[in-house]
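Okay, here's what each chain looks like letter by letter:
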Amino acid sequence: MARIHAAIVVACAAAIAPAQAPAHAQWPRPVEDSLTIATVSFHWLDSASGRPDLIKEEIAVYTEQAIDDGVTLIARSAAQSVREDVPIQRRRVVVDGKETEVVIAPEREFGVGGIELGARVRLREAGPWIISAQGVFGVPGSGENRINERFGEGGGDTDLRLQAGRALKDGAFVAASGGWRNRRGEDRDEIRLDLTAGRPLERGVHIFVQSYSVWSTRGGPRAASDYSGHRLQASILLPVTRRSRLQIGALATVRSDNMARERAVTISLWRRF
């Protein structure tokens, strides 16, 4: 698996704070309210070739549970598959004097990654503004745990955020989530900034535009080169039932340095309880 391992070191851009996170993440939920979002996504990742080096398929579950009027618990996990974007090859070889055909399939890896546990706390609510703080701990898994790491490597990071959201006219809103991710002193820590804007349309339909940015900071004992990445996602949220919504989105890298460029499509089912 040496080839796919080498590509994953460059291509694991999707370990950025999940592109499928809910657009309303800055708001603590009402007491005893809960939200679960199940997402299926397909990602095309390329390092510098101009065509995908890897294809990632992911099924993720994100959940929020309010335990107090101003405290919300959050959790996320994902089952992931990464494979090389090369066609199946067939070769004729001679074995024990007999010619036979050998089928060489693209290398593939499976794992569970993106595992995060944490909480969000409301700090202040004044008029249309809500300000909150969030802390998330990453649990090491057998899949993607960090940017620019092989499957199953790294993990255990701590992500601390300050978040602010403002309601606008006619149900629209804007929000920002910025903070620092500590990678346990082994690799470069990260500064992250997520921006969101959303507004309702007719009949319960909403549209969202979100951006996700990351910059590496100082280096640790195992730190490689500096890196940064900026991705943009647009999505639409459609009502299914009184408590369920369907979100369809598309994401693309707009700029990156020492990180893979990514394109992705996502389909999510939101369910409130």
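Residues numbered from 1 in each chain as written. Predicted model: local features only at pLDDT ≥ 70, side-chain atom pairs only at ≥ 80, totals over all residues. Heavy atoms only, no water.

Visitor: So what's going on with the packing of aromatic side chains? Which residues, and what values?
Guide: Counting across every chain of the model gives one aromatic pair. Here Phe173 and Phe208 contribute two aromatic rings whose centre-to-centre distance is 6.0 Å and whose plane-to-plane angle is 65°, an arrangement assigned as edge-to-face. On the criterion of sequence distance, the pair formed by Phe173 in strand β9 (residues 173–182) and Phe208 in strand β11 (residues 206–216) is long-range, its members being 35 residues apart. This pair shows no difference in class: Phe173 is buried, exactly as Phe208 is. (Phe/Tyr/Trp six-rings, centres within 6.5 Å; stacked < 30°, edge-to-face > 60°. Helix = DSSP H or I, 4+ residues; strand = E, 2+ residues; numbered from the N terminus. Buried < 20%, exposed > 50% of the residue type's maximum accessible area, 1.4 Å probe, protein only.)

Visitor: Residue-level account of a nonpolar patch on the surface, with values.
Guide: A cluster of nonpolar residues, Leu201, Ile207, Ile236, Ile248 and Ile267, forms a patch on the protein surface that exposes about 390 Å² of accessible area. With respect to the helices and strands, Ile267 occurs in strand β14 (residues 261–272). Judged by relative accessible area, which is 48%, Ile267 ranks as partly exposed. (Patch = residues over 30% accessible without salt bridge, like charges linked within 9 Å, V, L, I, M, F, W, Y side chains within 5 Å. Areas by Shrake-Rupley, 256 points an atom, 1.4 Å probe, with all protein chains shown as cover. Salt bridge = Lys/Arg side-chain N within 4 Å of Asp/Glu carboxyl O.)

Visitor: Help me get a handle on the side chain of Gln210, residues and values and all.
Guide: For Gln210, the position within the fold is in strand β11. By relative accessible area, which is 3% here, Gln210 ends up buried. At 3.0 Å, the side chain of Gln210 forms a polar contact with the side chain of Tyr212. (Polar contact = N/O pair within 3.5 Å; in protein donor to acceptor, adjacent residues only side chain to side chain.)

Visitor: Just give me the short version of unusual backbone geometry, but keep the residues and values in it.
Guide: The phi dihedral of Asp170 is positive, around 60°, even though this residue is not glycine. Assignment of secondary structure puts Asp170 in the loop between β8 (158–167) and β9. With a relative accessible area of 68%, Asp170 lands in the exposed category. The phi torsion at Asn258 lies on the positive side, around 60°, for a residue other than glycine. For Asn258, the position within the fold is in the loop between β13 (244–257) and β14. Asn258 gets classed as partly exposed once you look at its relative accessible area, which sits at 44%.

Visitor: Explain the pairing of β11 to me, using residue names and the numbers behind them.
Guide: For strand β10 (residues 190–200) and β11, the ladder comprises 11 bridges, and the chain directions are antiparallel. Within the sheet, the bridge partner assigned to Ile191 lies in β11 and is Trp215. Between β10 and β11, which follow one another and run antiparallel, lie five residues, and Arg203 among them has a positive phi close to 60°. Here β11 pairs with strand β12 (residues 228–239) via 10 bridges, running antiparallel. (Pairing = 2+ DSSP bridges.)

Visitor: Could you give an account of the pairing of strand β3 (residues 71–84), naming the residues involved and the relevant values?
Guide: Two faces, one strand: in a regular strand the side chains alternate between the faces of the sheet. One ladder, built from 14 bridges, connects strand β2 (residues 54–68) with β3; its direction is antiparallel. Bridging across to β3, Glu57 finds its partner in Ser81. Where β2 folds back on β3, the antiparallel hairpin that results is connected by two residues. By the bridge criterion, 12 bridges tie β3 to strand β6 (residues 108–126) in an arrangement that is antiparallel. Paired with Ser81 across the bridge in β6 is Phe110.

Visitor: Could you give an account of the confidence of the model for the protein chain, with specific residues and numbers?
Guide: With 79% of its residues at a pLDDT of 70 or more, the protein chain shows a mean pLDDT of 83. Mean pLDDT values for the elements of the protein chain range from 36 in helix α1 (residues 2–11) up to 96 in β12. Confidence drops under a pLDDT of 50 for residues 1–26, and excluding neighbours within four residues, the segment shows 100 contacts in the predicted structure. (pLDDT = per-residue confidence, 0-100. Contact = heavy atoms within 4.5 Å.)

Visitor: Now, about the sheet that holds β3: what can you tell me, with residues and values included?
Guide: Strand pairing in a sheet takes place through backbone hydrogen bonds and is either antiparallel or parallel in direction. With respect to topology, 12 strands assemble into a closed barrel ordered β1-β2-β3-β6-β7-β8-β9-β10-β11-β12-β13-β14, the strand pairing being antiparallel. This sheet shows a mean twist of 20° between the axes of neighbouring strands, independent of strand direction. (Axes fitted to C-alpha atoms, helices over the stretch in contact; angles between N-to-C directions.)

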